[in-house]
Amino acid sequence: MNKITSPFMRTLVLVLLLPLMSLAQAQEGTWRLNLKDADIRAFVTQVADITGYSFVVDPRVKGKVTVLSSTPMNKDEIYDLFLAVLHVHGFTAIPGEDVIKVIQQVDAKQLAENLEGFETVPSEQLVTQVIQVNNANALELVPILRPLVAKYGHLAAVAAANALIISDHQANIERIQEIVNELDSPSQYEVEVIQLREAWVGDMVTLLQELAPSELGASTAQDAARKYSVTADERSNRLILRGDQSFRDKIRGLITQLDQPSATGGATKVIRLNHADASTLVEILTGVMGDVVSESTGGAGGANTGPRTNFSVFADEGLNALVLRGEPSLMQEAELVISQLDVRRAQVLIEAAIVEISDELGEDLGVQFAVGDQSGGSTPVAGTNFNNLGVSVTDILSAIATDSLIAPATGGITIGAGERDENGLSWGVLLQALSTSSAANLLSTPSIITLDNQESEIIVGQNVPFKTGESTVSGDGTTNPFTTIERRDIGLTLKVTPTISADRLVRLVVEQTTENIAASVDDASDIVTNKREIKTTVLADDGETIVLGGLITDDFTVSESKVPLLGDIPYLGRLFSSTSERRVKRNLLVFLRPTIMFGREEAVSATSDKFNSLWEIDLGIRDKLGMPGAQRPESPDVNSLFDPALRP
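Residues numbered from 1 in each chain as written. Predicted model: local features only at pLDDT ≥ 70, side-chain atom pairs only at ≥ 80, totals over all residues. Heavy atoms only, no water.

So, the sheet that holds strand 12 (residues 238-243)
Strand order in this open sheet of three strands is 10-12-11, and the pairing throughout is antiparallel. Two strands bound the open sheet, and with one partner strand each, they are strand 10 (190-195) and strand 11 (229-233). The mean angle between the axes of side-by-side strands here comes to 20 degrees, regardless of whether they run parallel or antiparallel. In the sheet, strand 11 pairs with strand 12 via five bridges, with the strands oriented antiparallel. By the bridge assignment, Ser 229 is partnered in strand 12 with Arg 242. Packed onto the sheet, helix 8 (residues 245-258) meets strand 10, strand 11 and strand 12 and runs at close to 155 degrees relative to strand 12. (Pairing = 2+ DSSP bridges. Helix = DSSP H or I, 4+ residues; strand = E, 2+ residues; numbered from the N terminus. Axes fitted to C-alpha atoms, helices over the stretch in contact; angles between N-to-C directions. Contact = heavy atoms within 4.5 Å.)

Here's the deal with the packing of helix 2 (residues 40-51) against helix 3 (residues 75-88)
Closest axis-to-axis distance for the helix 2/helix 3 pair is 10 Å, and the angle between their directions is 160 degrees. On the basis of the axis angle, helix 2 is roughly antiparallel to helix 3. Both helix 2 and helix 3 take part in a crossing whose hand is left-handed. Packed against helix 2, whose contacting residues are Ile 40, Phe 43, Val 44, Val 47, Ile 50 and Thr 51, the element helix 3 presents Lys 75, Ile 78, Tyr 79, Phe 82, Val 85 and Leu 86 at the interface. (Parallel < 35°, antiparallel > 145°, perpendicular 65-115°, else oblique. Left-handed = near helix turned anticlockwise from the far one by under 90°.)

Examining the packing of helix 6 (residues 201-211) against helix 8
The geometry of helix 6 relative to helix 8 is characterised by a closest axis approach of 11 Å and an angle of 130 degrees between their N-to-C directions. One element, helix 6, and the other, helix 8, form an angle in the oblique class. You can see that helix 6 and helix 8 cross each other, and the crossing is right-handed. Contact residues: helix 6 offers Met 204, Leu 207, Leu 208 and Leu 211, while helix 8 offers Ile 251, Leu 254, Ile 255 and Leu 258. Within the contact of helix 6 with helix 8, the residues separate by chemical class into eight nonpolar, no polar and no charged. (Nonpolar A, V, L, I, M, F, W, Y, C, P; charged D, E, K, R; others polar.)

Comments concerning the sheet that holds strand 6 (residues 100-104)
Overall, mixed pairing links the three strands, which are arranged 3-6-5 in an open sheet. Two strands close off the open sheet at either side, each with one partner strand: strand 3 (55-57) and strand 5 (91-95). Pairwise comparison of adjacent strand axes, ignoring direction, gives a mean angle of 25 degrees for this sheet. Where strand 3 meets strand 6, three bridges bridge the pair, whose relative direction is parallel.

Focus on helix 5 (residues 170-183)
Over its 14 residues, helix 5 runs 20 Å from end to end, which matches the ideal 20 Å to within 8%, given 1.5 Å per residue. If you check which residues of helix 5 are buried, you get Gln 170, Asn 172, Ile 173, Ile 176 and Val 180. Taken around the axis of helix 5, the buried residues stretch over an arc of 150 degrees, which confines them to a single face. More than 90 degrees from the buried face of helix 5, the exposed residues found are Glu 178 and Glu 182. Packed against the buried residues of helix 5 are strand 7 (126-132), helix 4 (138-145) and strand 9 (163-169). (Expected span 1.5 Å × (residues − 1). Buried < 20%, exposed > 50% of the residue type's maximum accessible area, 1.4 Å probe, protein only. Arc of directions from axis to C-beta.)

Printed below as a string of structure tokens:
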């Protein structure tokens, strides 16, 4: 503002502007403001001229202001005075990046301020600041400090950070900061360790929380700065106290009164098991807790930490429960072991596929002839007879002698001719050409579900009797026949023991046997069986299909019978020989796929899949019987197997 030198002009300006404004500029950039009932907008305009700041005035900012100043002020002091005047009239100024907004105080805390334009923050500037509380509880400071905050300001505590958020004038925030610093001085908190002799720390902490709920109550989300605490060190049966002297004296007195020997000399507890077997856990606990008692009483390698009673555990197999008796510390250790062992065991669905493909081919060709005198008997006097064909020429002569028919050999063509004259002389010729072919494709897919590390076995087949002994005459000559028989399972047997590792790898101990009754063997005195067996241990990932092993056989047998010399004659020798060829091919492979089921969902899914597969087989039979596809019923729920009301 230019300096006014003319007395007349000075008098004229004072007459025109008073009572709006009286402004005098001092030397070296200082001003004095004297206003009386001046419009607040004119006041903002004058401050803008002095400070060089740009202002945006809310339309609701209206009124008259009066400012009396006898001391020259610089630009920063003028702006601070400006903020004080606004404060008195219920307004404030919020600095932004380019302009300063003059608004009502009630709207100030919703707007963000930018203080980068000030070298020092004006004392009357409305700002928002976070005050960190290091030792005290920020939540407890809020009701103490709230009366010190302006009505249009804001005060709140953040429990997670243990800090205060304040929105108020800079000078008031500095005052509150000093108060917080006084209240936030560290108290005489110390940590003390108390060794329990008789009681167990877990039970002691629960009792202390009930006896001192104000200091040791359950922690909440708003109580992040709890000053008192009692922590249990279960490993050494010690309590760790944290608090001031009075708190520690109070808790120590309670502990002294509670840490007394048990009236019964020990504790007894019954634990119902959910998954583990009681008898199995008894063996484990007897071994483990026996070592603990030995060490705690100064046994081999152990230090004597005080008298301890022996630990005992019994199993109630009917309820699958354990009965424990012993010192509280030992009881706690036993319960910890039980909680880690009594867990739901994973199950494994083991699916096997035994694939056997066989192909058998046979060719027989031979010529037989004979001449005999039937008057002297049925034995021919000359001829050829080969036993590698189904029908012999002797059968032809016998049929001629008895005027009966002879059945041809199976699998080809049989041509026979013969005659007997009145003198009993007979002759016969037999030509046989046989060809056989057979193929079989056997697929067995047994599956079984078993617990982790539990052996399981499935048998599908027949129970066949085998003769083991026979007697027809006793030692004294009297007849007392008897036959001893042993029955044995013949069929498919799958025995598996799975073990699941932490990375979902399954170790399988497998014993797979496939046995069936073979065709009759002439030299065998009893039933003959074909047996294929695999015993192995393999590793497989969850859901991975692996091949356990297989057998591929290719048997080729050629059998030739002929008359010496005559059978070697080219072409003509075919009349004096018989040839039989057999080729048998068998391919046997065994596949295995384990699927881990940790919970109920996997077990239900596996059951539903198997039931749906069974339902599809049933629908396949219905389709072959002519049921149209549109009439195919929907798959029912698997529980329909047990509930007739759910069946379709």
